[in-house]
Structures are given as C-alpha cells and as structure tokens.
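Overview (structure and organization)
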Amino acid sequence: MINAKSLKKALKEALPQVTGTVKLSGLDGAVQVYRDGLGIPHIRASSQKDAFFAQGFVTAQDRLWHMEFDRKRGAGRWAEMVGESAVEQDKLMRRFRLSDSARADYQASSPETREMFDAYAWGVNAFIESDSPLPVEYQIVGLKPEPWQPWHGLVAYKVRHILMGVFESKAWRAQVVAKIGPEKASLLFPGFQPGYPLILPPGETYSGPLADGLEELRQGAAALNYLSETGAGSNSWVLSGSRTATGKPILAGDSHRALDTPNVYYQNQVACPEFDVIGLSFPGVPGFPHFGHNADVAWSVTHTSADYQDLYIERFSTGSGNQEYLFQDQWLPATIHEETIKVNGGGDVQFQSWVTRHGPVISGDPAKGSGIAFKYTATEGPSPWPDTLLSMLKAKDAPQLIESMREWMDPCNNFLYADIHGNSGYLCRGRIPIRSKVNGWLPVPGWTGEHEWQGYIPFDDLPRSLNPEEGYVVTANNKPVGDDYPYYISSEFTPGFRAKRVAHRLLKIDNPSVEDMAAVHGERVSIPARAYAGFMQRVEPPDSLSAQARDKLIAWDGKMDAGRVEPAIYSAFRDALLREVLEQNLGPELGRVAWNPDGRGLGGFLARLKAHLITLIDQDDRRLLAPGDDWQALMSRSLAAGTARLKELMAGDGGGGMETWRWDRVHQARPKHTLSAVYPEFAGLLDPPPIPTSGDGDTPLAGSYSLSDPATVTGLSVVRYAFDTSDWGKSLWAVPLGSSGHPGSPHYHDQSETWRKVEMVPMQYEWEYIAAHCESKQTLQPA
C-alpha cells in the first residue's frame, strides 16, 4: 500500500519516457513526436492510420489516468476505483446507459471512422502494454488498466457532455412548481430579457416580450401530482478581414467549464498527408471536436444552451411481476437490465435499471408505479455523428467545414469558423428536436403521446451566417436568433452581459491583431456591478461598516479586478440579497437547496434570476418581496449581512480592515485531483496550487462561484485561444494548468502563471520551427 512518503518518490518514477526510439506493434511507418517547451506534443506521421495511432499513444503517455477517470465514470464503474463513495453516481450513470450508446454510435459510423477509433485504441493499448511506467494513480487505487476499446472514447465524450443539457433545469422547475404553484413560479423563471444581444444578426438586441412560461407551467403542473413520491458558458468571436490589421479573419475566445485536474482539454498537433491539425482534443477521443485549425480553416465552439433533453413521467403497472408502462392506453413492456456495481474495498451492489420508449428511467421507482424517463438526442439511437470528427479535419475552406457538420449531434454548439480565403461566420450545429414547447419547461406525461418528438430541426434550417455584413460575430451562450425564428430552441439562454462586454471591447480596437485578443479575454467590467453601484445611491446603510462599503461601491467602476476590494463587497452584498429573495419565495427548505447548487440546472436558474432582479429593482416591481417590504430596505439589509459575512470570512484568512478585503483573497481557482477527496492525505502532492483570479460569472473574464462557497471559483476559462488565419504560426493559446496529467511532471501546471496574467503563448505550427526548438524528440517505430 502506497503512503505519502513513498508517493513522493513514485510521482517521479511514473513519468513516461518521451525521448529516444520506441518500437510498437501496429504501426506501418515511423512517427516523429516533438514536444515543445511546455511539453505539448506535435505528432508527424506518414499515414492517417499511424497519425491516430500516435495520437492515442501520446495522449496515453500524458493522460491515461484522465482517460480512465472518464471511461469508468461514463460506464458507471467509478466505484471499482474509489469505493463506496461513488456508488450512487455509478447507479445514475448505469441508468443513462452511455456505454450502450457509445457502442451503437461506433457501429453506426463509417468504416473509415471506425478505423480512426481502432487506430487510436491500438495506440492507447500499445502504451499500456509497453515497458513505460503507468500513472501513479493506479498504485494509489491498487488496480491496473483494462485494454482500451475503440468505443471507450465515445463513452468519455458523452460523460463530458450529458450534464451540459437542460434536464436538471426541468427537474428543478418541477420541484418549484410543486412547492409554490405555477403562478408564483413563473416570476422566478424569466426568459431572455429584452435589450440583451442576439448572436444573429450581429449587433441586434432582443426586443420581444419577457416570456415567463406561465401557460406552459400551467399545462405541465397537472402532471406533477403523479410525481409526489419521486422526490458552466463560454465566449467566442470572429472578425472578418475588413476589421483586422492583416486583412484576414481572426477567430478567438475561451471555453468556460469547471477546472478539472488535469484540464478537460489536451493541447496537441497531429499531421499526416491528409491533414495537419493543431488544437485541443478530449483525452480518449481522436480528432479535435471543439477547437483547432488545419492548414486552411479554424473552428471553435461555445454552448448554445439548446434544449435537447426531455423528461417523461411514466406510469408503470404495479401488479406482481409486471414490467409494463402505459402509452396511449396500451401497456407496453419495459426493458429491464440487472446491474452489478463492483466496489473497491466493499461488496457488490445490485439493482435494476429500466428503459421505456422515451429512454432510460433515471428517477423514481417503476416497481411502485412511477418514474421519470430521460430522452436525449445523444442516446436516443445509433448515430453516425462520429464521422464528423474525421471529415472536419480535412475541410479545405469554411463551406466544406460547415457541410462536415451535417451529422453533428451533441452538444448543440455555437460553431464559429474562419479560413485563409477570407471567409468567416457562424453555425448553430447539433440536433434539436421538434416537439411541444411544454416539454421545454417541465417533465411531461409519457402516457398521452402528446409530447413525442417530431424529428429534428433540419440541418439547412439551423441558424447560420457566412460572411455577415457586420464583419463580426460574438457568442456568449446568449440567444442566437429572435422570435421570428420558426423553431423552438430553448428557454435556457445565458443573460447577455458577457456578450455585450465582448462586443464593446472588441469593436473599440482599431485594426486589431491576434495579440490584441488577450485584452478581450481579460475584459472584467461587470454590467450588473455597475447597475448595483447605481442602486447604492438609494440605500441607507444601517451601520458604519455598511456605510463604508456603500461609499466604495458608489465610487467603483464595476471592474472585477482581483486586487480590488469592491468586487468582494459587491459579491457578498448581492449574494445576501439573492438569498433573502430565494427564502422569501421558495421557503426555507427549498431556499437552502437553491443556495447550495449542485448542478447546471440550479446554476442556470440562479444566473437568470440574478439578472432579472436588476430589472425588478430598476422598475420597483415588488412581486418577489414580502408584503410591505421594498427594494431599498432589502438592499440595506443585504449590504449589512454581506459585509458582516465578508468580515467573518476575512477574519479566518488573517483578518485586516476593509482595505485588505481584496477579491483575490477569497476568489481563487482551487484545482482538485480526481483522487484528492477519497485520499485526502495525498492532496498536498496531487493538487496544483490555488490560482487567484479576477472576474465573476457576468464578466468575459470568467470566474463564477457557488453561493455556498464564494472562496472557490467553480467556472472559469479552461482554454484561451486566438487563431490568426493570415499566419497560423502567430496563433496563441493558454490553459490554466498544463499539458501533462502526471502530478510529478514539470508540465503539470506550468501554464498557470501565464493563464493567471491573461497572457498566451505561441501555438507552434510550422514543422521546421518545431523540430529546431523542441524540448524532446521521440521516434515511434514499427515493431
């Protein structure tokens, strides 16, 4: 059994050999692997098959434990690694049936795509079977890796994206409607606010009504009585050549997610005669699905926040031995799977998982007559969507890249692109089902047949714009199109604060170059902060500490700078205000649930509600307040409560007067290794150091946090990038940690300081330069 003392030595001994020559079965020719000064691999092969073999091998060198983590979680087998603490999450993942879906998609893919996944898996297994030491994590858990199957990469991809959908929002709304009724609930669930920017056309703002979903909530509420026993965002932008210093497009942005350790994305380059692509891949998955460029065209994504997951309330028969559910007055047989979860250090856990025509039952108890089935585009049936992973790498221009997205499934993305020919633009890629709008608000009855999907929005009808006349596109998870669009996309869009500030900062730069993009990445003015600073003029502080805090906010410019005091005061005040509104409207029990968000559903709800409160305060709309209360009084109480809480928090961090209450003292990214919670005695060796950061959830420089723990940043930029189509060698990037997943590697978190300062490093693309300046070189030879 490894201990802390032996672990320190094992960390260094577990590093892979990345120099010299390695002979591997499965290769047809020699492959060169150069690693630059940050340990980022650049792979050059003489065939497509060898290129993907080498991508699998090299990724396993750096990230095999990362890949293990994702495939075991996705398959509902994480308890095999870490024990009893993972049993409940394994049960849910088994019910999602991601492994079945991954196998089906692999089989539905083209022969060439399957060859890509096969070659990648051969490369991973070549590393597992080599003489190289395995990651130290296998010593910690006392297990060895199983062979990597070609479809395991699809499990890894699906588990990374299943929780990016909206089913949690629907489940949360159901709880709220059941508790307080549809009329009052409608006040807490506003739609996209008038005045917020749309993605298309660029520069336009939404001028439609504030949809409260009241009618849909009324219709859906009737089904909830049958349930009585059941219980992240990103930025991207593209500038046409007419707006840049070089006369060629620039594509830039950053992806916002929770900070995995190591990072969810893996920087690498893969070249062969068919393509030469550099970008960010998902460990375990061949290709570059989200961010990258080849010799001709670049691409990037943000989340569209589209609605492609539904919840169906199912009625099950309760007779002895019955395994049927009701649909349109007929009892249909459910599919039942006997599941066994192996538990490291414990006994097996056995249970049943059920599947209906709508999908797997993920909540409730069918044996007692009810449950909630989960319908999801990515698991609905076999799909050849993996074919896009290969075809996009070979696109010669923007139109070819767009066409390669025809089979793209999940998640639904705001897909920006730019090519060397001067084209740039936007595509909403992904499958969005056509069905009743009621499905978008709540779980719907599964037995009536009134809420079935009627196909998908046709690919050619998805929102898009090639070479918009405005010369730019900005996306920040905001509403993509206006209400004249003929299809329902979602009610879950992010408030438009980030999109406004990105566009404002971007369009102020005259003839920008790729180096100027870091200034947009670093934009930290908060529109809500400026609004609340203005509201402070109305507030009568109840004590001297509050008065001091109010004066600071009134004089503040709204910049969420890490070294400033005002961001900390503002955040504590706003959190206190929100907490009182939640408890007033949801009651203490449900209010506490909202105060401790544990998923995207609650997180998205709180973001939209916080934005809505600004409008209510500005219009003196008191419908969310207690009788006799007003916003001025509530803000006064919240300022006092927030400053008192902040004073207490700072006292635990060394104390000091208000002038020492800097935002960076409480607002830090705190990377946590996947095993730290299970083996806390090893956390000091496995966890990278904290990273103080500016921003919050409303600023382009992202730094969102949970209301229950303001000292930990939970949503941030996991990659920043800027692609220069005039000269790919001038492109830039940075991640918050490093390229390696080995805690003992010098590249485990060597990009942290660059990332903290909102700087980027060159994205090396030219092979002559790469070979001349590499940190290491390794040749992979056929055995």
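Residues numbered from 1 in each chain as written. Predicted model: local features only at pLDDT ≥ 70, side-chain atom pairs only at ≥ 80, totals over all residues. Heavy atoms only, no water.

Right, let's talk about the side chain of Asn235 for a bit. Following the sequence through the fold, Asn235 ends up in strand E4 (residues 234-239). What makes Asn235 buried here is its relative accessible area of 1%. Side-chain polar atoms of Asn235 contact the side chain of His256, separated by 3.3 Å. Within polar-contact distance, the side chain of Asn235 engages the backbone oxygen of Pro700 at 2.9 Å. Excluding anything up to four places from it in sequence, Asn235 contacts Gly253, Asp254, His256, Thr302, Thr475, Ala476, Arg498, Val502, Pro700 and Tyr721. (Helix = DSSP H or I, 4+ residues; strand = E, 2+ residues; numbered from the N terminus. Buried < 20%, exposed > 50% of the residue type's maximum accessible area, 1.4 Å probe, protein only. Polar contact = N/O pair within 3.5 Å; in protein donor to acceptor, adjacent residues only side chain to side chain. Contact = heavy atoms within 4.5 Å.)

Geometry of an aromatic ring pair is reported as the spacing of the ring centres plus the angle between the planes. With the rule as written, the count across this model stands at 31 aromatic pairs. Judged by centre distance (5.4 Å) and plane angle (85°), the ring pair of Tyr157 and Phe282 falls under edge-to-face. Note on accessibility: Tyr157 and Phe282 belong to one class, buried. Relative to Tyr456, the ring of Trp453 lies with its centre 6.3 Å away and its plane at 65°, an arrangement referred to as edge-to-face. Trp453 sits in the buried class, given a relative accessible area of 10%. Accessibility expressed as a relative area gives 23% for Tyr456, which makes it partly exposed. Note that Lys375 overlies the ring of Trp453, its terminal NZ or CZ placed 4.7 Å from the centroid. (Phe/Tyr/Trp six-rings, centres within 6.5 Å; stacked < 30°, edge-to-face > 60°. Lys NZ or Arg CZ within 6 Å of the ring centre and 35° of its normal.)

Moving on, we get to the nonpolar core. As a rule of thumb, nonpolar side chains are buried together in soluble globular proteins. Core analysis: the largest hydrophobic core is formed by 139 residues, its most contacted members being Trp299, Leu675 and Leu780. In terms of residues, this core owes the most to one element, helix H2 (residues 48-74), which gives 11 residues. Core analysis: the second largest hydrophobic core is formed by 56 residues, Leu442, Ile569, Trp661 and Leu707 among them. (Core = buried A, V, L, I, M, F, W, Y, C linked by side-chain atoms within 4.5 Å.)

Turning to unusual backbone geometry, a few remarks are in order. In this model, Thr261 is joined to Pro262 through a cis peptide bond whose omega is 0°. Relative to the helices and strands, Pro262 is located in the loop between strand E5 (250-257) and strand E6 (266-272). For the bond from Asp410 to Pro411, the omega torsion is -10°, close enough to zero to count as cis. Among the secondary structure elements, Pro411 is positioned in the loop between helix H13 (398-404) and strand E17 (413-419). The phi torsion at Asp329 lies on the positive side, around 70°, for a residue other than glycine. Its place among the elements puts Asp329 in the loop between strand E11 (324-327) and strand E12 (330-333). Judged by relative accessible area, Asp329 falls into the exposed class, the value being 74%. Of note in the backbone geometry, Val758 takes a positive phi value of approximately 55° without being a glycine.

The values reported here are purely geometric and, on their own, carry no functional implication.
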